[in-house]
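Coordinate inspection notes
Now for the letters of each chain:
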Amino acid sequence: MIENIRTHPYTRAVCLETARMFEHRAAKHLIDAQDRADQGAADSALEFQTKARLAQQRANAWHLRAKNASN
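This report concerns the structure included in the present document. (Residues numbered from 1 in each chain as written. Predicted model: local features only at pLDDT ≥ 70, side-chain atom pairs only at ≥ 80, totals over all residues. Heavy atoms only, no water.)

**Things to note about the packing of aromatic side chains**
One pass over the full model with this rule turns up zero aromatic pairs. Above the ring of phenylalanine 48, the side-chain terminus of lysine 51 is found at 5.1 Å from the ring centroid. One residue, arginine 65, lies across the ring of tryptophan 62, its end atom 4.3 Å from the ring centre. (Phe/Tyr/Trp six-rings, centres within 6.5 Å; stacked < 30°, edge-to-face > 60°. Lys NZ or Arg CZ within 6 Å of the ring centre and 35° of its normal.)

**Comments concerning the nonpolar core**
Within the largest apolar cluster, seven residues are counted, these being Tyr10, Cys15, Ala19, Phe22, Ala59, Trp62 and Ala66. Only α1 (12-38) and α2 (42-67) provide two or more residues apiece to this core. Leave out the neighbours within four places in its chain, and alanine 59 touches Ala19, Phe22 and Glu23. (Core = buried A, V, L, I, M, F, W, Y, C linked by side-chain atoms within 4.5 Å. Buried < 20%, exposed > 50% of the residue type's maximum accessible area, 1.4 Å probe, protein only. Helix = DSSP H or I, 4+ residues; strand = E, 2+ residues; numbered from the N terminus. Contact = heavy atoms within 4.5 Å.)

**Considerations on the pattern of salt bridges**
Using the criterion set out here, one finds two salt bridges in the structure. Of the charged contacts, one joins aspartate 32 and lysine 28 as a salt bridge, the two residues approaching to 3.6 Å between their closest N and O atoms. Taken as a pair, aspartate 32 and lysine 28 lie in helix α1 at a separation of four residues, close to a single helical turn. With a relative accessible area of 17%, aspartate 32 lands in the buried category. Residue lysine 28 is classed as partly exposed on the basis of its relative accessible area of 46%. The residue glutamate 47 makes a salt bridge to lysine 51 at a minimum N-O spacing of 3.5 Å. Of this pair, glutamate 47 and lysine 51 both sit in helix α2, separated by four residues, roughly a single helical turn. (Salt bridge = Lys/Arg side-chain N within 4 Å of Asp/Glu carboxyl O.)

In structure tokens:
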């Protein structure tokens with residue numbers, strides 16, 4: 001287990017790939033949210049929008065790690 005995720009020396013490539021994974025997850029959640037909204041399930045749509053927002057925040061954090069990565 002990594003003791004401190006903020007200072008662990010990930011490579012730029014690993015950071016970018018992880019960011020892409022979270023961006024893909026965010027897009028999937030937004031599609032699911034739209035599907036739920038089309039079905040009239042507002043609570044479920046809101047849940048997927050929240051998941052998408054969280055995934056995008058994680059992607060942004062990984063992009064920052066990539067910017068500060070050693071190589």
